[in-house]
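Understanding the architecture of this molecule
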Amino acid sequence: MLRKGLELPKGDREVLLDLDSRNEAQTTDNYGSLQNGGFIPPRYLSAAAADEDVDVDDPIYVHCDRKSNQTAPRPGNYFRDGRTKIDFVLVWEVRSRRKRRGKAKSEVIGGEGDNIPTEENSRSERRKAQLETWREIFVQNLEIAGLLMEKEETSNEKKTIHFLKISVPWDVLVYYAEELCLRAPLQAQPHLDLNTSALILKRLCIPNVMTEWVPNRPLDYYTCAFRKSKMNRFLGCEDLETYFTNTQRHRVAYEILARTGYGKRKRAEVGVDRLVNEGAYTAAFPLHEGPFQFPSNEVRPDELNQRQILYFYWARWCKWYKYQPLDHIREYYGEKIALYFAWLGFYTAWLLPAAVVGTLIFASGVLSMGTNKPAEEICNSGASYLMCPLCKTCKAWNMSEICTMAKLGYLFDHPGTVFFSVFMSFWAVTFLEYWKRKMATLAHHWDCMDFHEEEERPRPEFAAMAPTVEQNPVTGVKEPYFPEKTRLSRMFTGSMVIILMLSVVIIFLVTVVMCRGIISVMMYHTGSPVLRTEAGTIANVSSSVVNLGLILLMGQVYTALAEQLTKWEMHRTQTQYDNAFIFKVFIFQFVNFYSSPFYVAFFKGRFVGYPTNYGTLFGMRNEDCGPGGCLIELAEQLFIIMVGKQLINNIQEFILPKVKAWRQKRSLANVRGGKASHEPQRWEEDYQLVECGGLFEEYLEMVLQFGFITIFVAAFPLAPLFALLNNWVEIRLDAHKFVCEYRRPVAERAQNIGVWFNILEALSHLSVIANAFLIAFTSDFLPRLLYQYKFDNNLHGYVNFTLAYAPLNYTEHPMCRYKAFRDNNGNYTLFYWELLAVRLGFIIAFEHVVFFVLRAIDWIVPDVPESLELKIKREHYLAKQALAENQEALLVSRGQGAAPATPGTSSPEKELKNKGHKNQSEEQSFEKSFTVLKKETLREERGGEKLGGTQGSNG
């Protein structure tokens, strides 16, 4: 609790309150940085509470006795004393007071006509005063919590930018290390490569060009939960300055900032996130370790900072074929971001065999085009097959005119595509099964296998807008509350909006279909033989381009709408908010991107009818498949939508961050003014960077791509190849953004990729069903197979067999032909019903066989490797031995025959005296077990795989 008696020193208080002061940047403003003494925990002073309006959550107040010995400044993220690390930076901007006063004075002189602007200015001034008060209280509470602070300023005549540097002292770090269950190292392990490709190449004695030595690789340890009382058991405990990594320090600093209050708790005025949302701070971020550029003077690789290592060995374009240094990424950005790049690399590596097989299938279609008997019959038919008009005002045409399209259609509709569909169905599920193994290995290697989401605090927006406060049944703390019935009604209303937006997508789809029909008619009416022949292709390509534009436009509109809907639904935690938002956006984007391909694959050409009985839509005849069949049109659409979207996204990811960073850098340069010639400080350089927007867009792009290469792969065998090429570029673009253009995000823990894995599993199962129907109803594979079985194995006469004669009452073009299995009266023939039975049988057999094999793969391939299970058990045993506190250990430590102390008879002073003897005895007893276990571990691991993964790879 913040008390009236616990106020800042007068000088510091005046500087903090006077946010518009014109002091120079070098003015010393240390908030508890160098003169910190002992703090009395306010929980011991709860009876002295005097101000109920200011309620502060004091998670930990410790005695922090740091001497203020001044040393020479050194480069790095330190306070001015050169030894206190900077763990977090808060930034806020304030317009200069002189300008504001001059503006207010001019508005008052303006007369009665300026009353409204003066009132608005007064409201703005009150708002700014409120933000200043919040900042003051927030900083006071941070000081009481034991944090060390130091302030810097950058200003000109118009604006002042304040930088508040924050450091977490040792005692606070130790407390939160236990509370957050940070993992501490027990025993170092040797590095063994687990890259599947590396093992295969090594067995084949083939040099591996993908491997590369990366300096300062983090060690691999057996670990357990940190305990301060067992500090001497952990490796590295003798060096307190480097015991906790910078990422761990950032995580602790953010935890304190997120818990600290700045106003009334009943209004949920808590946390730096809400302060940023309210505008009290413009940014809050940890600092990068230094510049990413290489130093001008020559240095050894192991002397580079972590950011330089990531840039040189990962983010550069020339490293496109190298394994990703996942351990370095995890150490710098945390497990959540590292898991994204691990998944992206693993997915890209698995695309390589799919791309090879797909390319071979496409090449086999090219080589076998000359053996396509139906295409030869079409090309040699001349005027034998007079086809019925394709529209009301069109003329009859000869089938020989579509010779080229018939040959090209074979590239996407031959027996090899059926094999490839089966292959990709197995590939998708096998990929996910092995990713689960990889994910478990990485989770154990990065000490987050047992990680569970902490009891999450309410989101800042939820806390600000919740109408009431009620007690949390888990924690017992009063928190903002929103009625569940009201939330459900809002979610139901939001689902209606989603359905409305999906209806808009369907309307756009119908519009594109009608546009395609109009373009085809226009092409036929030109009279040009070339345009008449290629009318369908021109209409399909042009409509696909228009459809891509509508898809991207609707995607942007709906993403903004989904964000507002999710906020309106008032989800309590960030996880609930993220899951609801992801679900909304994915459902919409699924319909948005896949509706047109689904229409072409499963509905186009199914409701055409026949002469004298054509089906119509708004007076226009329903679309029929083009001369080359629907598969070639589907391939054209997939190429335009998938590849076009990838190109546009990559251009955006390359240009937009640079534009935003340029604007931010220009704004800061204007404020620095004459100081621009001096080297900017680390916090100034990081403030110029772009705020990290998270991983949602990155995951969404890859998941949609996964759908394209699995659901419609029967029509587009080259899809995995284009996906592979895109992902090689995507990894470098994302790496460059995180290293060079983004502010350093707060490291977050995670043990998997979250709800995205469930979406991938759903897509993989949907792909089996979609490919079965695509082969059965859209491809000509089964009609040709049945014709070969019943009539002719070489498909002689197949074209004539698939063409029906127009009914006798069709007098406009008597005896013209159209593609269908009908008799002269328009009724289906017996062959049609036989073919339908074969199609349904194929779907049932295909799905059952594939799903049975997939279940077998799921059963055969365990989610956690057997060797990893053994290592987990061994780690648990080591942790239990190292941190044992049982009676036997106490007896050993005190000597044989010594009677155990009666509870309550041993004073703290005696315990402290015996502590050294106890630790020495325990160390001797456990050293033997450590030595034996280490030898056994190293002996077993020489023939097995490494504890928890390696430096990381793309596969």
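None of the values given here were measured: they were computed from a predicted structure. (Residues numbered from 1 in each chain as written. Predicted model: local features only at pLDDT ≥ 70, side-chain atom pairs only at ≥ 80, totals over all residues. Heavy atoms only, no water.)

1. Structural notes on the packing of aromatic side chains
Here is the rule: Here the aromatic set is Phe, Tyr and Trp, taking the six-membered ring for Trp, and pairing holds for ring centres within 6.5 Å; pairs whose planes are under 30 degrees apart are stacked, those over 60 apart are edge-to-face, and all others are tilted. Only DSSP runs of H or I covering at least 4 residues are called helices, and only runs of E covering at least 2 are called strands; the numbering of each starts at the N terminus. Exposed residues in this analysis have more than 50% of their type's maximum accessible area, buried residues have under 20%, and partly exposed residues fall in between, with area computed by a 1.4 Å probe over protein chains only. The criterion is that NZ of a Lys, or CZ of an Arg, lies within 6 Å of the ring centre and within 35 degrees of the ring normal, and then a charge sits over that ring.
One pass over the structure, following the stated rule, counts 68 aromatic pairs. Taking 5.8 Å as the distance between ring centres and 85° as the angle between the ring planes, the aromatic pair formed by Phe163 and Tyr687 counts as edge-to-face. Taken together, the residues Phe163 in strand E4 (residues 159-167) and Tyr687 in helix H20 (residues 682-687) connect sequence positions 524 residues apart. Judged by centre distance (6.0 Å) and plane angle (20°), the ring pair of Phe716 and Phe722 falls under stacked. What makes Phe722 partly exposed here is its relative accessible area of 23%. Lying over the aromatic face of Phe654, Lys658 brings its terminal NZ or CZ to 5.2 Å of the ring centre.

2. Remarks on the pattern of salt bridges
In a structure, side chains of opposite charge can pair up when their charged atoms sit close to one another. Note the threshold: For salt bridges, the criterion is a side-chain nitrogen of Lys or Arg within 4 Å of an Asp or Glu carboxyl oxygen.
All told, the structure shown has 33 salt bridges when counted by the stated rule. Among the salt bridges present, the one from Arg300 reaches Glu303, with a minimum N-O distance of 3.0 Å. Residue class for Glu303 comes out partly exposed when judged on its relative accessible area of 44%. Each of Arg80, Glu150, Glu152 and Lys165 takes part in one network of salt bridges that share partners.

3. Thoughts on the state of the cysteines
Defined as follows: By disulfide we mean two sulfur atoms from cysteines, separated by a distance within 2.5 Å.
Scanning the entire structure with this criterion turns up two disulfides. Here Cys379 engages in a disulfide with Cys403; their sulfurs sit 1.8 Å apart. Across the disulfide from Cys379 to Cys403, rotation about the S-S bond amounts to roughly 90°, and the bridge is consequently right-handed. Taken as a pair, Cys379 in helix H11 (residues 373-379) and Cys403 in helix H12 (residues 403-409) lie far apart in primary sequence, 24 residues in all. Exposure remark for Cys403: the relative accessible area of 17% places this residue in the buried category. Between Cys388 and Cys816 runs a disulfide, and the two sulfur atoms are separated by 1.9 Å.

4. Observations concerning empty space enclosed by the protein
Our working rule: Here a cavity denotes grid points, spaced 1 Å and computed from the protein atoms alone, that fit a 1.4 Å probe unable to get out, and a pocket denotes an open set having protein on both sides within 12 Å along at least 5 of 7 lines; residues with an atom within 4 Å of a point are the lining. Grid points are joined across faces, edges and corners, and a volume is the space filled by probe spheres set on the points. For this classification, the nonpolar set comprises Ala, Val, Leu, Ile, Met, Phe, Trp, Tyr, Cys and Pro, the charged set comprises Asp, Glu, Lys and Arg, and every other residue, Gly included, is treated as polar.
Overall, the coordinates contain five cavities of 30 Å³ or more when judged by the stated rule. When its volume is computed, the largest cavity comes out at roughly 70 Å³. Lining the largest cavity are Val505, Phe508, Leu509, Asn547, Leu550, Ile551, Met554, Asn592 and Ser595. The biggest single contributor to the lining of the largest cavity is helix H17 (residues 535-568), with four residues. Looking at the lining of the largest cavity residue by residue, the classes come out as six nonpolar, three polar and no charged.

5. Looking at the packing of helix H9 (residues 326-333) against helix H10 (residues 335-367)
The condition is simple: Every angle, taken between N-to-C directions, lies between 0 and 180 degrees, and every axis is a line fitted to C-alpha atoms, over only the stretch in contact when it is a helix. Here the word oblique covers every angle except those under 35 degrees (roughly parallel), over 145 (roughly antiparallel) and from 65 to 115 (roughly perpendicular). Crossing handedness follows the turn of the near helix against the far one: under a right angle anticlockwise gives a left-handed crossing, and clockwise gives a right-handed one. Every residue pair with non-hydrogen atoms within 4.5 Å of one another is taken to be in contact.
Two elements in contact, H9 and H10, have axes separated by 7 Å at closest approach and are oriented at 150°. In terms of orientation, H9 and H10 fall into the roughly antiparallel class. H9 and H10 meet at a crossing whose hand is right-handed. Facing H9, whose interface residues are Leu326, Ile329, Arg330 and Tyr333, H10 presents Glu335, Ile337, Ala338, Phe341 and Ala342. A per-class count over the contact of H9 with H10 returns seven nonpolar, no polar and two charged.

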